[in-house]
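# Observations on the three-dimensional arrangement
The lines below spell out each chain.
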Amino acid sequence: SRHTDTKFQRSLKKHDIDAYLFTAGKHKRTVDIIGEVTEENKQKLQEELDDMHRAFKDHVALAGPRLKDNIEEVASGEYWVAVQAKELGLVDEIMTSDEYLESICQENELIEIVEKKRRTVWSAFHAIASSIMKNAAESISSGKVPNDYRAAPPMAVA
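Residues numbered from 1 in each chain as written. Predicted model: local features only at pLDDT ≥ 70, side-chain atom pairs only at ≥ 80, totals over all residues. Heavy atoms only, no water.

As for its position among the elements, E48 is in helix α2 (residues 39-63). A residue is classified by how much of its surface remains accessible, and E48, at 28% relative accessible area, is partly exposed. When the C-alpha atoms of E48 and T30 are compared, they prove to be 9.8 Å apart, with 18 residues separating the residues in sequence. Leaving out residues up to four positions away in the same chain, E48 has contacts with H27 and T30. (Helix = DSSP H or I, 4+ residues; strand = E, 2+ residues; numbered from the N terminus. Buried < 20%, exposed > 50% of the residue type's maximum accessible area, 1.4 Å probe, protein only. Contact = heavy atoms within 4.5 Å.)

Next comes the structure, spelled out in structure tokens:
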């Protein structure tokens, strides 16, 4: 079947670079950057996208029955800011998470709210560097410095 090379594929050929794509199943990867792009594969991908979009519209209409009449308008693939989403009926209210929790306190028992602060890249780097320096200082002061000293940084940084 007729196929179309992408710019990436033409560049690979121009530089005599072999790229391989292994899959299981005829339609595992219909269109991608490495594989051959055929009319059949493009058609199959479009069918899959249309099926997923149809399922999405059905889900939205089921979850919000008032959206059923204007589902084509709200399921167009566009993005909306909060005020527009409310006008279209995609959201019921616009509020912060704190406002939401406060609003449900009357009907529900709220036990505890814990705020977790995100680390910046700099603070994560600082934590790792501090840990390494602390380990190094402890090793030096204890006299237990192996020849191939490598301080182990923390396993995970959030």
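Having seen the model, we can carry on.
Okay, the nonpolar core next. Formed by V60, A61, L67, I71, V74, A75 and L88, the largest nonpolar core amounts to 7 residues. Looking at this core, the elements that each hand over two or more residues are α2 and α3 (71-74). In this view, A61 contacts K68 and I71; residues no more than four positions away in its chain are not counted. (Core = buried A, V, L, I, M, F, W, Y, C linked by side-chain atoms within 4.5 Å.)

Turning our attention to a nonpolar patch on the surface. A grouping of V81, V83, L90, V91 and I94 is seen on the molecular surface, where their side chains present a nonpolar patch of about 390 Å² in accessible area. When its relative accessible area of 44% is taken as the criterion, I94 is described as partly exposed. (Patch = residues over 30% accessible without salt bridge, like charges linked within 9 Å, V, L, I, M, F, W, Y side chains within 5 Å. Areas by Shrake-Rupley, 256 points an atom, 1.4 Å probe, with all protein chains shown as cover. Salt bridge = Lys/Arg side-chain N within 4 Å of Asp/Glu carboxyl O.)

Moving on: the pattern of salt bridges. If charged atoms from side chains of opposite charge come close, those side chains can pair. Going through the model one piece at a time under the given rule, you end up with 4 salt bridges. Of the charged contacts, one joins R54 and D51 as a salt bridge, the two residues approaching to 2.6 Å between their closest N and O atoms. In this pair, R54 and D51 both sit in helix α2, 3 residues apart, roughly one turn of the helix. Residue class for R54 comes out partly exposed when judged on its relative accessible area of 45%. Taking the relative accessible area as the measure of exposure, D51 reaches 44% and is therefore partly exposed. The residue E72 makes a salt bridge to K57 at a minimum N-O spacing of 2.8 Å. Placement of the pair is E72 in helix α3 and K57 in helix α2, with a sequence separation of 15 residues. For E72, a relative accessible area of 53% translates into the label exposed.

A few words on a negative patch on the surface. Taken together, the side chains of D98, E99, E102 and E115 define an acidic patch exposed on the protein surface. Checked against the element boundaries, D98 lands in helix α5 (residues 97-104). For D98, a relative accessible area of 54% gives the class exposed. (Lys, Arg positive; Asp, Glu negative; His and termini not counted. Charge placed at Lys NZ, Arg CZ, Asp CG, Glu CD.)

Let us now look at the side chain of Q9. Among the structural elements, Q9 can be located in helix α1 (residues 7-14). Residue class for Q9 comes out buried when judged on its relative accessible area of 5%. When sequence neighbours within four positions are dropped, the list of residues in contact with Q9 reads T4, D32, I33, I34, G35, E36 and V37.

What follows concerns the side chain of N41. In this fold, N41 is placed in helix α2. In this view, N41 contacts T30, V31 and E36; residues no more than four positions away in its chain are not counted.

A positive phi angle is found at D16, which is not glycine, with a value near 55°. Along the chain, D16 falls in the loop between α1 and β2 (37-38). Residue D16 is classed as exposed on the basis of its relative accessible area, which comes to 67%.

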